[in-house]
Amino acid sequence: MASKYLTVFVLLGTCGSVMAQSFNVDVGVASDAPKSTYAAAGQAGFWNNVSGAHITPFTPNPTPSDDMLLDVEGNATGVGFHQFGGMDLQSVGSSDATGTDDAKLLNDYLVTHSASLESCMYLNGLQNGLYEVITYAWFPNESKTTQLVRFDFVPGFKIIGGDWPGDHAEGATYSYDLINVTSGHIGWHVGIPAGGSTTIGAAFNGFQLHKVGPPADTDDDGDVDDKDYQQFNDCISGPEIAADKPGCLESDIDDDNDIDLADMAEFQRLFTGS
Ligand SMILES: [Ca+2]
Ligand SMILES: [Ca+2]
Ligand SMILES: [Ca+2]
Ligand SMILES: [Ca+2]
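Computed from a prediction, not measured in an experiment: that's the story for all the values here.

Engineer: Looking at this model, I keep getting lost on helix H3 (residues 226-235). Mind explaining?
Structural biologist: Side chains of residues three or four places apart in an α-helix project in the same direction, reflecting 3.6 residues per turn. Those residues of H3 not exposed but buried are Asp228, Gln231, Phe232 and Cys235. With its buried residues spanning 105 degrees around the axis, H3 presents them on a single face. Away from the buried face of H3 by more than 90 degrees, exposed residues Asp226, Gln230 and Asp234 are located. Among the structural elements, helix H4 (261-270) are those in contact with the buried residues of H3. N-capping of H3 is provided by Asp225, with a side-chain oxygen placed 3.1 Å from the backbone N of Lys227.

What follows is the structure, encoded as structure tokens:
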């Protein structure tokens, strides 16, 4: 255990500040992104607004048409996003989520109507490492409709959908996945599950991406400061209560699946300031 944290300290000392690699992306109509104070199921920060236009020819690699993303701090990055497959950009004026930033994220979305052509999303230019990916796949006003979410090179899939739970809920409004990036790239898909309606189709509303930092450095920017403490504080679960909220992996510093006073003591020991 001691050697693990010694390694972290050495890294902090030599790397200094590094660019955070976390992104919030609202797929939908222009100029309708949530405010940067909005966290959705993940972390607050700048929301990119992209149309998710179907790009041809098909390629999972960077294209000249990629939307270049700003990170959650609003800084330019070399990370590009494009989509192939879904072609029906829809929006609804009202749904159970109406009147909030939830609506700005969820009430506009990209739809595929083909059982054999998913909405395929590609990110390129990422730093390698472990990422939390939150994929919003919820159909406003179609609570019986579900979406299939799957990642390239990862076996299996998840089924997402249902009634509006009153707030974001895993399995209802989003899929939560941990993806290890080894070549700067993530490819993933939202499609119509077996037996689903091609008339209604499957909805993809947006996504959040968070690169998992070293212990206590919740925003992966090379320091452990007040900002990390805010996130740590939001993550506290109590002894032996599973810490399963997105954005909390770095806060379980002793790696025993809860976030409690033992983690707090470790956090204070790792604190560096900005
Ligand atoms: Ca929107
Ligand atoms: Ca949206
Ligand atoms: Ca930090
Ligand atoms: Ca813990």
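Still more ground to cover, so stick around.
Engineer: I would appreciate a short explanation of the coordination of the calcium ion (ligand 3) in the present structure.
Structural biologist: Perfect tetrahedral coordination of a metal by four donors corresponds to 109.5 degrees between them, and perfect octahedral coordination by six donors corresponds to 90 or 180 degrees. Here the calcium ion (ligand 3) is held by the protein donor atoms Asp217 (OD), Asp219 (OD), Asp221 (OD), Asp223 (O), Asp223 (OD), Asp228 (OD) and Asp228 (OD), which lie 2.2 to 2.7 Å from it. As a motif over one chain, the donors of the calcium ion (ligand 3) read D-x1-D-x1-D-x1-D-x4-D. The exposure class assigned to Asp219 is buried, which follows from its relative accessible area of 13%.

Engineer: Before we go on, may I ask you to explain unusual backbone geometry in this structure?
Structural biologist: Negative phi values dominate among residues other than glycine, just as trans dominates among peptide bonds. In this structure, Pro57 follows Thr56 across a cis peptide bond, with omega equal to -5 degrees. As for its placement among the helices and strands, Pro57 is situated in the loop between strand S2 (47-50) and strand S3 (67-70). A positive phi angle, close to 55 degrees, is found at Ser31, a residue other than glycine. For Ser31, the location among the structural elements is in the loop between strand S1 (22-27) and S2.

Engineer: What is the right way to read the state of the cysteines from this model?
Structural biologist: Structurally, a disulfide amounts to a covalent bond that connects the sulfur atoms of two cysteines. Overall, the coordinates contain one disulfide when judged by the stated rule. Bridging Cys235 to Cys248, the disulfide has an S-S length of 2.0 Å. Looking along the S-S bond of the Cys235-Cys248 disulfide, the torsion reads about -85 degrees, which is the left-handed sense. In this pair, Cys235 is assigned in helix H3 and Cys248 in the loop between H3 and H4, connecting sequence segments 13 residues apart. Per residue, the accessibility class of Cys235 equals that of Cys248, and both read buried.

Thresholds, definitions, all that
Residues numbered from 1 in each chain as written. Chains lettered and ligands numbered in written order. Predicted model: local features only at pLDDT ≥ 70, side-chain atom pairs only at ≥ 80, totals over all residues. Heavy atoms only, no water. Buried < 20%, exposed > 50% of the residue type's maximum accessible area, 1.4 Å probe, protein only. Helix = DSSP H or I, 4+ residues; strand = E, 2+ residues; numbered from the N terminus. Arc of directions from axis to C-beta. Contact = heavy atoms within 4.5 Å. Polar contact = N/O pair within 3.5 Å; in protein donor to acceptor, adjacent residues only side chain to side chain. Donors = N, O, S within 2.8 Å, 3.2 Å for Na, K, Ca; no water. Disulfide = S-S within 2.5 Å.

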